[in-house]
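Overview (structure and organization)
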Amino acid sequence: MTTKPHLIVIGNGMAGCRAVEEILARDSGRYRVTIFGAEPRVNYNRIMLSPLLAGEKSFEEIVINDHDWYAGNGIQLVAGDAVVAIDRQAKRVTTASGRVEPYDKLLIATGSDPFIIPVPGHDLKGVVTFRDMDDVASMLRAADSGGGAVVIGGGLLGLEAAHGLSLRGMKVTVIHLMPTLMERQLDEAAGWLLKSALESRGQTILTGADTAEIYGNGKVEGVRLKDGREIPASIVVMAVGIRPNVKLAKAAGLAVGRGIQVDDHLVTSDADILSVGECVEHDGLVYGLVAPLWEMCRALADGLVATPSGYRGSVTSTKLKVAGLDVFSAGDFSGGEGCEDIVLRDATRGVYKRVIVKQDRVVGAVLYGDTGDGNWYFDLLRKGEDVAPIRDALIFGQAFASGGASANPLDAVAALGADAEICGCNGVSKGSIVTAIDGGACSLDAVRACTKASASCGSCTGLVEKLLTIAMGDDYAGARENQPMCKCTSFTHEDVRAQILEKELKVIPQVMQALSWSTPDGCSSCRPALNYYLLCAWPGEHQEDPQSRFVNERMHANIQKDGSYSVVPRMWGGVTTPNELRAIADAADKYGARMVKVTGGQRLDLFGIQKEDLPAIWADLNAAGMVSGHAYGKALRTVKTCVGSEWCRFGTQDSTGLGIKIEHMTWGSWMPHKFKIAVSGCPRNCAEATIKDFGIICVDSGYELMIGGNGGIHLRGTELLCKVATEQEALDYCAAFIQLYREEARYLDRTAPWMERVGLDYVKQRIVEDDAGREALRARFLYAQSYLQKDPWAERAAGAEAHLHQHIAEIRPFAVVGGR
Amino acid sequence: MDAIWLDIGPVEQLPALGARTLPVQGGEEIAIFRTANGEVYALVNACPHKQGPLSQGIVHDTSVTCPLHNWRISLVTGEALGEDKGCVPVIPVKIDGGRILISRAEALAGTN
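So, a few notes on the structure that sits alongside this text.

Thresholds applied
- What you see as residue numbers is a count from 1 along each chain, following the sequence as written.
- Going through the entries in the order they are written, you letter the chains from A and number the ligands from 1.
- Selection of residues for local features in this predicted model requires a pLDDT of at least 70, selection of side-chain atom pairs for listing and counting requires 80 or more, and totals for whole chains, interfaces and linings are taken over all residues.
- Note that the side-chain values use all heavy atoms of the structure and ignore hydrogens as well as water.
- Grid points spaced at 1 Å and placed over the protein atoms alone form the basis of the search, with a cavity being a set where a 1.4 Å probe fits but cannot get out and a pocket an open set showing protein on both sides within 12 Å along at least five of seven lines. Lining residues have an atom within 4 Å of a point.
- Grid points are joined across faces, edges and corners, and a volume is the space filled by probe spheres set on the points.
- Numbering of helices and strands starts at the N terminus; helices are DSSP runs of H or I of at least 4 residues and strands are runs of E of at least 2.
- Under the scheme applied, nonpolar residues are Ala, Val, Leu, Ile, Met, Phe, Trp, Tyr, Cys and Pro; charged residues are Asp, Glu, Lys and Arg; polar residues are all the others, including Gly.
- Only when DSSP finds a minimum of two bridges between them are two strands counted as paired.
- All axes here are fitted lines through C-alpha atoms, helices being fitted over the stretch that makes contact, and every angle between N-to-C directions spans 0 to 180 degrees.
- We call two residues contacting when some pair of their heavy atoms lies within 4.5 Å.
- Throughout, exposure labels follow a simple rule: accessible area from a 1.4 Å probe, protein chains only, divided by the maximum for the residue type, with under 20% read as buried, over 50% as exposed, and the rest as partly exposed.
- Throughout this description, the term salt bridge denotes a Lys or Arg side-chain nitrogen within 4 Å of a carboxyl oxygen of Asp or Glu.
- Take the number of residues in a helix, subtract one, and multiply by 1.5 Å to get its expected span.

**Here's the deal with empty space enclosed by the protein**
- Taken as a whole, this structure holds five cavities of 30 Å³ or more when the rule is applied.
- In this structure, the largest cavity encloses a volume near 90 Å³.
- For the lining of the largest cavity, the element with the most residues is strand β2 (residues 18-22) of chain B, which contributes four residues.
- For the lining of the largest cavity, the residue count by class is three nonpolar, eight polar and three charged.
- If you add up the space inside the second largest cavity, you get close to 60 Å³.
- Together, Asp187, Glu188, Ala189, Arg354, Pro520 and Asp521 of chain A together with Thr35, Ala36, Asn37 and Asp61 of chain B line the second largest cavity.
- A breakdown of the residues in the lining of the second largest cavity according to their chemical character gives three nonpolar, two polar and five charged.

If you want it as structure tokens, here you go:
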């Protein structure tokens, strides 16, 4: 007995005990084993701390190895007396209580320590981590007295802590530095779904939030964010991350990088010392999940007592252990060259699935709402199986993809029974769709009209089209009458706008989920359109997404071919003053404008301004009373005027004054495309009002309102909407017309192509014949304007979005500061 | 000894789905991008088509659309995507401890 070599294990956690189990399974008589644990208890399953906190499990239920296991295998357990030093020369360890034990082989399984961000107050009573039984005990004590809890960190661990505390009746706020939850495991779409699901369960989730300090007198009273917000709390859980616990190894002089460096057999730089678990670094990688640990322990045992097999690193997958929220991720989901995304969204069931395929191999998967196939995808990923034969059916899951003898998706659909449900939203079976097709519905739109299939969330559109192909063969034209918005969706612009209103969709990721977008974050075509549709639908609550704006609207200036910008201040109705002109001249000098040009819209354009100088030049122009001219926007541009009855001998009305009034009413309004207005004082039409989106020709008896004109590639003259008698009416009709265009035109349609599509009669019916409708349109326009009429230049000059105008850093390779 | 990686700042200073610029004295300006997933990439800030500032484009997935003429450029390889042909140099970049590190050698490639 005593002649057996002595194996000492430092760490009574999951890795240390599993390694011992693996060794015993191969050769139970090889070593005399002693395990040292810092915690005064037997080995338990640390990943089950979450259910323990949530009250779903008891401690007894999460114990892996009880006292009988240690006794039965002749293992000496020293619990509650941590090893504090390793003497490699003498080959012995010393514990906190002074106990000294010699070893022949030593296994370090010290795991990892939670990372504490060193903000002021991090050492207050009531600040805990989420790592062991003692942490859970502190949290449960806090929960007993109720009140608020703050969890810092919206990763796996933080969300599980938040969930548990929330179930225990606390009001929980999660503070997460990054813009989306679990950003290392989930893509933006899945992160957003998770956030809304947690919010609907009563948690407050603050993303992009940076902790400034934890405040309190002797014990935690709350958390203050860098933006000044304060969140009262009686407990703060730090769950921002973990770092390998390498203290002992480092002090003993072992090779340590981010973790304790080991070879493929988990041997450290000392041949008699091994290491396993979260504390090790293998091939440059450290792991914080449980699955790699099992693989490491197998390789360690093989190397120590059997035939060395070698550990080759792990591919990891993640599952969030929050009851009722199914979240899974595995592999690489960052996309990249040669990667193809296959996305399935089922809004009704709250499902998002994304599988990333590269060279016919699955390289990553993100699943939300339905993780049943997670293991199957993970298996395909680890084995590197060729998925080309099942590519088209892959996203539907294992049952579908490997269901029939053939993986042809058409065969799979053909094989479905007549009562199989195709459209989950409207409960439409395959049989009723086939009947509709046989009855003459030979396009997707026709099937939608007859059966409602694919008319709600649209995720079954592909299936319906396959049924059309099966039933009609080559006769199925495939193309729909109205084209989809872009390649990311099968919905048309009109469908999307209608769904935004009906489903009350407020932000872009929500639209993409509800309408089953096929790409994770859209494209440069649909994102700006969605941003516009949302701001038009919800003027009072819209949150701008600058990254979904074209550069000009993001920068509030016009980009030029050399990357510089041009700046156009507003000149109301084309009227200016000597003071304004002096300020413009000064700005042109000060910021090196290389050209000053009079525009077609009766104002001045300063060319060659650098993006870094924009806030400063805007501040100067603001100081002279000028605001942004929105010359860069899909927005109201200018109101061009002639001098009218004030000066002109032919003038019939005050066209200049009316133009100024119209510009004051309409400036700042975002539109589907640029929008130009002009007011001419007589039919000679010096302001060229008949090629504008909205033009007014003044006559003796009133105002002729002209609509739908533009210059450009396809010149189109205006059509007469109607004639009105007073200035006020001209203003009211103008507002109503703009709002109709804002609400109903497709993004990037000017009024001319929009009117070609809907016809003059339709616009007349809405604006001229329907008095109440016109009044409602006008009221909605003015309501939207109450939010939109803010000078973006003033906001930027005051420091908003400063990062857009500054370099992140500069590299000066030749500037040597203070030597190297 | 020259550093291999240059620290150019904390990753939070890069907006998700956005970009910032990094001028290099005597060399070509670099654009640093961040995707929705939090990955960071760096390209020379000039479209292979007409030298448009890629930093000002719309970032989607792992590509950026040039603001001048809508060429789509891969952030991973610097190659033009779709029908267009051309390539812009990629500069290795990584995140370590929340800081953005850029490869010194490639960042200074255009200087002399």
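**Considerations on the sheet that holds strand β11 (residues 127-129) of chain A**
All names here are of chain A.
- Read from one edge to the other, the open sheet built from five strands follows the order β11-β18-β12-β13-β14, with strand pairing classed as parallel. In this open sheet, the two edge strands, each paired with only one partner strand, are β11 and β14 (204-207). Looking at each pair of strands side by side, their axes are set apart by 20° on average, direction ignored.
- Pairing geometry for strand β12 (residues 148-152) and strand β18 (residues 235-238), over four bridges, is parallel. Bridge assignment links Val150 to a residue of β18, and that residue is Val236.
- Lying on the sheet, helix α6 (residues 156-167) is in contact with β12, β13 (171-176) and β18; it crosses β13 at an angle near 170°.

**So, the sheet that holds strand β17 (residues 230-232) of chain A**
All names here are of chain A.
- The strand order across the open sheet formed by three strands is β15-β16-β17, and the pairing between neighbours is antiparallel. If you trace the sheet from one side to the other, it starts and ends with β15 (211-215) and β17, each paired once. Here the strands of the sheet are splayed against their neighbours by 20° on average, with no regard to which way each runs.
- In terms of strand pairing, β15 meets strand β16 (residues 222-225) through four bridges, oriented antiparallel. Bridge assignment links Glu213 to a residue of β16, and that residue is Arg224.

**Here we look at the environment of Gly659 of chain A**
Residues and elements named next belong to chain A.
- In this structure, Gly659 sits in helix α22 (residues 655-666).
- The class for Gly659 is buried, based on a relative accessible area of 0%.
- Ignoring anything within four residues of it in the chain, the contact list for Gly659 reads Val639, Thr641 and Val679.

**Considerations on the pattern of salt bridges**
Residues and elements named next belong to chain A.
- Enumeration according to the criterion identifies 44 salt bridges over all chains in this entry.
- Residues Arg30 and Asp27 are paired through a salt bridge, measuring 3.0 Å at the closest nitrogen-oxygen approach.
- Accessibility expressed as a relative area gives 31% for Arg30, which makes it partly exposed.
- A salt bridge links Glu688 to Lys640; the nearest nitrogen and oxygen atoms lie 2.8 Å apart. Taken as a pair, Glu688 in the loop between β35 (675-680) and β36 (694-699) and Lys640 in strand β34 (residues 636-641) lie far apart in primary sequence, 48 residues in all.

**What to know about helix α18 (residues 526-537) of chain A**
- Spanning 12 residues, α18 of chain A covers 16 Å between terminal C-alpha atoms, matching the ideal 16 Å at 1.5 Å per step.
- The buried fraction of α18 of chain A amounts to 11 of the 12 residues, a majority that puts the element mostly inside the structure.
- Turning to α18 of chain A, its buried residues are Cys526, Arg527, Pro528, Ala529, Leu530, Asn531, Tyr532, Tyr533, Leu534, Leu535 and Cys536 of chain A.
- Considering only its buried residues, α18 of chain A is in contact with α16 (493-502), α17 (508-514), α23 (727-744) and α26 (771-788) of chain A together with β5 (58-60) of chain B.

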